[in-house]
Amino acid sequence: MKKSILIILAFALVAGAAIGYYMYNKPVETLESQDAAAEISATALFSEFSENETEAMANYEGKVLAIEGSLIEKMENSDGSTTLILDGGDPIFGVKCRLDPSVDGEAIPAKGEPVRLKGLCIGMNADVEMNQCIIL
Amino acid sequence: MKTIITVLLITVTTALSAQTKYFTRNGTVTFFSSAPMEDITAENYNATAVLDTETGAVEFSVLMKSFNFKKALMQEHFNENYVESDKFPKSTFKAKIVNMDKIDLTKDGSYPAEVEGEMTIHGVTKSITPEGTIVVKDGAVNLESKFIVKPEDYEIEIPDVVREKIAKEIEVTVLADLEPLKR
């Protein structure tokens, strides 16, 4: 009787440690399986942020958004990942979207083409920023 | 009247030809923490930086939530417990390159830059004087710098439980490939 309790306890301990180790080392998940909380054009998103940043932060920050807009700039980052700028209706700034490193370069449209993507909205720093984006 | 027009024309043409503002929106800021239990790196590839070569004024800004970690739990703890990204979404560094007059942007080369400025992280502003390098090549201006940031200087509290996993001194590396600002 005592022995079986000990075995169960030992088992629970090992399982607990394994779960803990797994949770601790869990990588950042891609947004592939997450549904977008809202769908919005890049120009509408940019104008909402420029008109009232506090309100736009409350509405969009930390949310997965599906956005659509015209691709005006493609930049290669120092790690080889790509950042896209979508036209926000402003002469200099727009919606800056860092693509997830897993995104296939072939799937990125050419400059001037429309693009639709899903990403995590993280706020405004001159440009409205989106992280972990994937092309839809 | 003619003189006024000539003066005006000269002023306008010099203003147009003298490119003094350089800019990037995909600068790299990484930090590295080396502690007995674990080494941690976080990378941000979307830093914004502006350099005015006439005055030597330079400004960096990043959104804290664009730092990418390898482990989900670390990213969550960084944003929620340490830098409190919801309360303080942005970090900035507003500085001046004090020896700008010794840096010749028309000549390719690597120049040491003496920087003095104010760093704001977690809502706390500190004066720092990091050293940097400006590399000029084919009209492009690259900034590089490496310096130490102490979390406690910015009132970032690291609980004792994770003390062995997070260094007291974090090494920050900044790289920015700047291009003339187009209007």
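Each value, and the rule that gives it
Residues numbered from 1 in each chain as written. Chains lettered and ligands numbered in written order. Predicted model: local features only at pLDDT ≥ 70, side-chain atom pairs only at ≥ 80, totals over all residues. Heavy atoms only, no water. Helix = DSSP H or I, 4+ residues; strand = E, 2+ residues; numbered from the N terminus. Buried < 20%, exposed > 50% of the residue type's maximum accessible area, 1.4 Å probe, protein only. Contact = heavy atoms within 4.5 Å. Salt bridge = Lys/Arg side-chain N within 4 Å of Asp/Glu carboxyl O. Pairing = 2+ DSSP bridges. 1 Å grid on protein atoms, 1.4 Å probe; cavity = no way out; pocket = protein on both sides within 12 Å on 5 of 7 lines; lining within 4 Å. Points joined across faces, edges and corners; volume = space filled by probe spheres on them. Nonpolar A, V, L, I, M, F, W, Y, C, P; charged D, E, K, R; others polar. pLDDT = per-residue confidence, 0-100.

Engineer: Talk me through the side chain of Asn125(A); I want residue IDs and the actual numbers.
Structural biologist: Take Asn125(A): it is sitting in strand E5 (residues 114–125). Of the residues examined, Asn125(A) reaches a relative accessible area of 3% and is grouped as buried. Residues contacting Asn125(A), with those up to four places away along its chain left out, are Thr48(B), Ser61(B), Val62(B), Leu63(B) and Lys90(B).

Engineer: Can you break down the pattern of salt bridges residue by residue, with the values?
Structural biologist: Scanning the model with the defined rule gives 13 salt bridges over all chains in all. Of the charged contacts, one joins Asp127(A) and Arg25(B) as a salt bridge, the two residues approaching to 2.7 Å between their closest N and O atoms. Taken together, the residues Asp127(A) in strand E6 (residues 127–135) and Arg25(B) in strand E1 (residues 21–34) connect one chain to another. An identical accessibility class is assigned to Asp127(A) and Arg25(B); each is buried. Each member of the salt-bridge network shares a partner with another, and the members are Glu61(A), Lys65(B) and Asp86(B).

Engineer: Give me the pairing of E5(A): which residues, what numbers.
Structural biologist: All names here are of chain A. In terms of burial, E5 is largely enclosed, as 9 of its 12 residues are buried. In this structure, strand E2 (residues 64–76) lies alongside E5, joined through 7 bridges in antiparallel fashion. Residue pairing for E5: isoleucine 67 is matched across the bridge by leucine 117. Linking two consecutive strands that pair antiparallel, namely E5 and E6, is a turn of 1 residue; a positive phi of about 70 degrees is found at alanine 126 within it.

Engineer: Break down the layout of surface pockets for me, with residues and values.
Structural biologist: All names here are of chain B. For the largest pocket, the calculated volume is near 850 Å³. Lining of the largest pocket is provided by 45 residues; of these, Phe31, Phe67, Phe78, Ile170 and Val172 occupy positions nearest its centre. Broken down by secondary-structure element, the contributors of at least two residues to the lining of the largest pocket are E1, strand E3 (57–63), helix H2 (72–82), strand E4 (90–97), strand E5 (109–121), strand E7 (131–137), strand E8 (140–149) and strand E9 (170–180). For the lining of the largest pocket, the residue count by class is 34 nonpolar, 8 polar and 3 charged.

Engineer: Outline the confidence of the model for chain A, supporting the account with residue identities and numerical values.
Structural biologist: In low-pLDDT segments, the atomic positions of the prediction should not be examined closely. Mean pLDDT over chain A: 93, with 99% of residues reaching 70 or higher. Confidence, expressed as mean pLDDT per element, reaches its minimum in chain A at helix H1 (residues 2–25) of chain A with 87 and its maximum at helix H2 (residues 42–51) of chain A with 97.

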